[in-house]
Amino acid sequence: MQVRRLAAWTALPLAATLGLAACGGGGDSGESDPNATVSVQIAEPQHLIPTNTNDSSGNQVLSALFTPLVDYDAQNKPYEVAAESVSSTDNTLWTIKLKDGYTFHNGEKVTSDSYINAWNYGAYAPNGQGNSYFFEKIAGYEDLQAKDPDGEGPQKAPEPKAKTLTGLKKVDDLTFTVTLAKPYSEFKTVLGYTAWYPLPAAAFSAPGVIKDGFEDAPIGNGPFKIKGSWQHDAKVEVERYDAYVGEKPKIGGAEFRIYQQLTAAYADVLSDNLDVDVTVPTENLSTAATDLGDRFQQSPASSFQFVAFPTFQDDFSKPEVRKAVSMAIDRDEITKSIFKDSQISARSFVSPVVAGYRDDSCGEACEFDPTKAKAAYEAAGGPKQIKITYNGDGGHKDWVDATCNQLKTNLGVDCVGAAEPKFSDLLTKVEDKQPVGLIRMGWLMDYPSMENYLGPLYTTNGSSNYYGYSNPEFDRLVQEGTVASSADEAVKKYQQAEDILAKDMPVIPLRFGQNVFAHSTKVKNVEVDLFQVVDMTKIEVVS
Amino acid sequence: MFRYIVRRLLQMVLAFFGTTLIVYALMFAGQGDPIQALAGERPVSEAQRAYLTEKFNLDHTGIGGFFYRYFDYIGNLLRGDLGDSLTGRKISDMLAQAWPVTMKLAVIGLLVAIVVGVTSGVIAGLRRGGIFDNATLALTLLVLGVPTIVLAPLAQYFLGVKLPLFPPTAGSDPSLYALLLPGIVLGSLSLATALRLTRTSVAENLRSDYVRTAKAKGMTTRRIVSVHVLRNSLIPVITFLGVELGNLMSGAIITEGVFNIPGVGFNLFRGIRTEDGPLVVGLVSVLVVVFLVSNLVVDILYAVLDPRIRYE
């Protein structure tokens, strides 16, 4: 009995520590002035270093902490914010003058060096920054890259030749020049993207080395400074930076609350627990308007959904076949029944949000005409079986199946939707040139320009041209556009290039995205921009 | 007794390494392209790929690569370094953040199961065939039939949004009150099973010889039930609840997602999605330890409940 007692006394504390080690730590939110702060839904950002941030949640946080050189107006044309002027006479040598008075949140003055150091860090390949490619147009970029020694999976890569871009030159504290490798008329537009934010000297522990832990509490030049640090998987809190010289925000601070599931955020915004829900989940779209009234809103977004043909496959090598497939799809039916009009049918190869967009540039090939489609398909000898491969983790099953059903009915072919677990699995198959059939794709722009759609998606070496489309004439026109002397000139070239796409149909444009967002009864003037980012200077708290 | 515990602890070390090896192997086998998985649908630049490949030894492929990476991982583990996740965060930090909140949630679930489940089970067992018994049987059947993936959003919608009794989501640093609803949802399945186990066990023990003897000796019903019947009836229930603690924690994936609790379930889900081997192994290892320890505790508690059980 003695021994058993002892056993009980050893067992119980064990059980108790298991349970109690977890307890402790209370639920005190500790907000000093709840009326002046707003909460905004984000997902866990991947990074908070500007040159490494390209997810919309990271962009949302950084847009509060940083002020860009240029921003975009209602027509999506760039205008200066932190820059006094961005000018060039030959589109190669760009002079950037900074506005005086901007300071970082630690009091440091924003100078030319803040930009040059940040960009050099971003471009230097061994730093592994996700936005590195943004700097590739600047002279000297090649020397910051390491060449793969055997061209077959990276062995230990050699040190790049240089550590800094030759194209960046400091003139004085508020002026610097950027020399591009080739003329590029829309360089000013590009500067609005996250990758081009400056970094303070305090960010670096040594030249070209970012201090450990800087990412958890980034110091920016924007309207808000970080409060505490990034609480992973929980929230990022920011408060107004009083020495900010730009347009002052109308709130005292914000809490970017990290959600794992869209439905949880939606439940919170329904009960006023969350102020801005940036993405209303698809399953709630049908009831959102009744649930929320005018607190449920839509605004244009840059996303573009399409399916691509693996043009290297014999089955889809003929443009006639590709056109016929496109004509057999009733886009309006799908946007209406499946997306509840939260997306718009696409009949062009670039998004309506960029300058130079034309309605229906795809022409006849994107018009729904089942009879013509079937005749053309049979005449061109299209394959009897079509497969649409998509990633199963993105909620694409419904519309892929609907599209397949349309193809079955309208072309008389056998069509199946094939799900791959993840997008990366899909890409692996495409790269191995396996017969995946049509591939589902999507695109979000980095900066508002036709080039940001045409270049990565359709040029021969485009970064997202996974389907092997290649047309030298098209490449030439896009190239001519980028080096054109003016933006208007460039647009003309881009439009000519787009006309070639309408003839070749390497992809079938399906839908343009919209932001569908909701807000609580406590806030007004909620605007979500093309990058799915809430404008934190416009939002106001209803008193 | 002491030797028994030492032997069990040694077995736990073996089991621990065995499970990490298996989980690591499974993650490795299912691995496609973790760098692309991390980037989602965005193209990965060559520089970034080279950087991550080198950092995580991803160029070591095949069987040799598996052992290279596994021993690299174990080596670091023995030095007390869990390594970095693919997103660059320290896995030890992620574990330290994820475990407490999940533990709290699981303990609430378990307490709900014990308090409500065992109490109702005893009542139902004592009044077998009565209204209470039949009602609880029907109710638990319903709960057992409805999966958490349905139950959690329904509870959130009706008790959080429509009838705002509870906050709809708990968040990262939740109060006990905010964790109550997710805890109840999580514990409801074990509650139902615990109730049914207790009921059957109590009903059976009521007819046993020693209860009859006790009755014959003129003991009060209260004493018979609380000392004789309950003590013996709890053995299967304790076994179930001990194992259930581990299940509750690993089963929190859905509940944590619905109620926005950044615990183990969510991290596990994300780790699997982004093919983050070390993160998954780290989370699972702690889960294994919880299972092992709770099983040990259960085994030791047997002896307390039933004097006939002895350990060598």
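Only a predicted model underlies this, so the values are computations on that prediction, with no experimental measurement involved.

Caption draft 1: Molecular detail of the sheet that holds strand β5 (residues 93–98) of chain A. Residue and element names in this part refer to chain A. Pairing is antiparallel in the open sheet, where four strands are placed in the order β4-β5-β7-β6. In this open sheet, the two strands that pair with only one neighbour each are β4 (83–88) and β6 (168–172). Between one strand axis and the next, the sheet turns by 20° as a mean value, whatever way the strands run. The sheet contact formed by β6 and strand β7 (residues 175–179) spans four bridges and is antiparallel.

Caption draft 2: Representation of the interface of chain A and chain B in the model. With 59 residues of chain A at the interface, the matching set in chain B holds 57 residues. A salt bridge links E44(A) to R89(B), with the nearest nitrogen and oxygen atoms 3.5 Å apart. Between chain A and chain B we count eight residue pairs in polar contact (both at pLDDT 80 or more) in total. Elements with a contribution of two residues or more to the side of chain A that touches chain B: α1 (2–20), α5 (262–270), α11 (423–431) and β18 (438–443) of chain A. The biggest single contributor to the side of chain A that touches chain B is α1(A), with nine residues. Taken together, the residues that form the side of chain A that touches chain B break down as 25 nonpolar, 25 polar and nine charged.

Caption draft 3: Representation of the pattern of salt bridges. Evaluated as defined, the whole model comprises 30 salt bridges over all chains. We note a salt bridge from K137(A) to E451(A), for which the minimum N-O separation is 4.0 Å. Of this pair, K137(A) sits in the loop between α3 (112–123) and β6 while E451(A) sits in helix α12 (residues 451–458), placing them 314 residues apart in sequence. K137(A) gets classed as partly exposed once you look at its relative accessible area, which sits at 28%. E364(A) is paired through a salt bridge with K372(A); the nearest N and O atoms lie 2.6 Å apart. According to the relative accessible area criterion, E364(A) is partly exposed, its value standing at 44%. For K372(A), a relative accessible area of 43% puts it in the partly exposed group. One network of salt bridges, in which partners are shared, links E44(A), D233(A), R89(B) and R270(B).

Caption draft 4: Just the UniProt feature "domain: ABC transmembrane type-1" (unreviewed entry) in chain B, in detail. UniProt tags residues 99–302 of chain B as "domain: ABC transmembrane type-1" (unreviewed entry). Across residues 99–302 of chain B, helical content stands at 83% and strand content at 0%; the span's end C-alpha atoms are separated by 28 Å.

Caption draft 5: How the structure looks around the state of the cysteines. All names here are of chain A. Scanning the model with the defined rule gives two disulfides over all chains in all. Two residues, C362 and C366, share a disulfide whose sulfurs are 2.0 Å apart. Here C362 and C366 share a disulfide; its torsion about the S-S bond, 85°, makes the bridge right-handed. Of the two residues, C362 and C366, both sit in the buried class.

Caption draft 6: Seen up close, the UniProt feature "transmembrane region" (unreviewed entry) in chain B. All names here are of chain B. Those residues carrying the UniProt feature "transmembrane region" (unreviewed entry) are residues 12–30, 105–126, 138–159, 179–198, 233–259 and 279–305 in this numbering. In the segment residues 138–159, helix accounts for 91% and strand for 0%; the C-alpha atoms at its two ends are 22 Å apart. Between the C-alpha atoms that bound residues 279–305 the distance is 39 Å, and the span itself is 100% helix and 0% strand.

Caption draft 7: Broad picture of helix α2 (residues 56–65) of chain A. Residues and elements named next belong to chain A. Burial runs high along α2: eight of the 10 residues are buried. All of the buried residues in α2 are S57, G58, N59, Q60, V61, L62, A64 and L65. In this structure, the buried side of α2 is in contact with β1 (37–42), β10 (224–231), β11 (235–240) and β12 (253–258).

Rules used throughout
- Residue positions are counted from 1 within each chain, in the order its sequence is given.
- All chains are assigned letters beginning at A, and all ligands numbers beginning at 1, according to the order in which they are written.
- A pLDDT threshold of at least 70 governs which residues receive local features in this predicted model, and a stricter bar of 80 or more applies before side-chain atom pairs are shown or counted, although totals over entire chains, interfaces and linings include all residues.
- Where side-chain values are given, they derive from all heavy atoms of the structure, hydrogens and water being excluded.
- By this definition, two strands are paired if DSSP reports at least two bridges between them.
- In this description a helix means any DSSP run of H or I spanning at least four residues, a strand means any run of E spanning at least two, and both kinds are numbered starting from the N terminus.
- Here, axes are lines fitted to C-alpha atoms. For helices the fit covers the stretch in contact, and angles between N-to-C directions go from 0 to 180 degrees.
- Here, residues are in contact when the closest pair of their heavy atoms is within 4.5 Å.
- One side-chain nitrogen of Lys or Arg within 4 Å of one carboxyl oxygen of Asp or Glu is enough to make a salt bridge.
- By the criterion applied in these results, polar contacts are pairs of N or O atoms within 3.5 Å in which, for protein atoms, one can donate a hydrogen and the other can accept it, and in which residues neighboring in sequence qualify only through two side-chain atoms.
- Throughout this entry, Asp, Glu, Lys and Arg are counted as charged residues, while Ala, Val, Leu, Ile, Met, Phe, Trp, Tyr, Cys and Pro are counted as nonpolar. The remaining residues, Gly among them, count as polar.
- Each residue is placed in one exposure class: buried if its accessible area under a 1.4 Å probe, protein chains only, is under 20% of its type's maximum, exposed if it is over 50%, and partly exposed if it falls in between.
- UniProt positions are given in the numbering used here, feature names are shortened, and annotations may be inferred rather than shown by experiment.
- The criterion for a disulfide is a pair of cysteine sulfur atoms lying within 2.5 Å.

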